[in-house]
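Coordinate inspection notes
Given next are the chains, with one letter for each unit.
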Amino acid sequence: MVEVRIEFDDDEQYERLKGLKKHRGLTWKGLLLEGEKKVREDTPE
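First, a word on what this report is: a plain description of the structure on this page. (Residues numbered from 1 in each chain as written. Predicted model: local features only at pLDDT ≥ 70, side-chain atom pairs only at ≥ 80, totals over all residues. Heavy atoms only, no water.)

1. Let's talk about a nonpolar patch on the surface
Taken together, the side chains of Val2, Val4 and Ile6 present a nonpolar region at the surface, about 340 Å² in accessible area. By secondary structure assignment, the location of valine 2 is in the segment before helix H1 (11–24). The exposed category is assigned to valine 2, whose relative accessible area is 73%. (Patch = residues over 30% accessible without salt bridge, like charges linked within 9 Å, V, L, I, M, F, W, Y side chains within 5 Å. Areas by Shrake-Rupley, 256 points an atom, 1.4 Å probe, with all protein chains shown as cover. Salt bridge = Lys/Arg side-chain N within 4 Å of Asp/Glu carboxyl O. Helix = DSSP H or I, 4+ residues; strand = E, 2+ residues; numbered from the N terminus. Buried < 20%, exposed > 50% of the residue type's maximum accessible area, 1.4 Å probe, protein only.)

The structure is reproduced here in structure tokens:
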């Protein structure tokens, strides 16, 4: 298993992402994968 450490710029950024994660019912991994999906949708090949 690979582990990833994330450093946030400040507490506000962390709390904002933590709130989004909780609102969507995701884990940190799930939030990251949802972000990847959105970037792929928004980026032309």
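2. Thoughts on the environment of lysine 22
Within the fold, lysine 22 resides in helix H1. Assessed through its relative accessible area of 71%, lysine 22 is described here as exposed. Measuring from C-alpha to C-alpha, the distance between lysine 22 and glutamate 41 comes to 23 Å, with 19 residues separating the pair along the chain.

3. Looking at the pattern of salt bridges
Tallied over the entire structure, the rule returns six salt bridges. Arginine 16 is the partner of glutamate 12 in a salt bridge, and the nearest nitrogen-oxygen pair spans 3.0 Å. Here arginine 16 and glutamate 12 lie together in helix H1, a separation of four residues that amounts to about one turn. Between glutamate 34 and lysine 37 there is a salt bridge whose closest N-O contact spans 3.4 Å. Remark: lysine 37 and glutamate 34 occur in helix H2 (residues 28–42); sequence separation between them is three residues, near one turn of the helix. Note on glutamate 34: relative accessible area 28%, which makes it partly exposed. Within the structure, one salt-bridge network assembled from shared partners comprises Arg24, Glu34 and Lys37.

4. Examining the side chain of lysine 21
With respect to the helices, strands and loops of the structure, lysine 21 is situated in helix H1. Although buried, lysine 21 forms no salt bridge, and the nearest oppositely charged side chain, glutamate 15, lies 10 Å from it. When sequence neighbours within four positions are dropped, the list of residues in contact with lysine 21 reads Leu26, Thr27, Trp28 and Leu31. (Lys, Arg positive; Asp, Glu negative; His and termini not counted. Contact = heavy atoms within 4.5 Å.)

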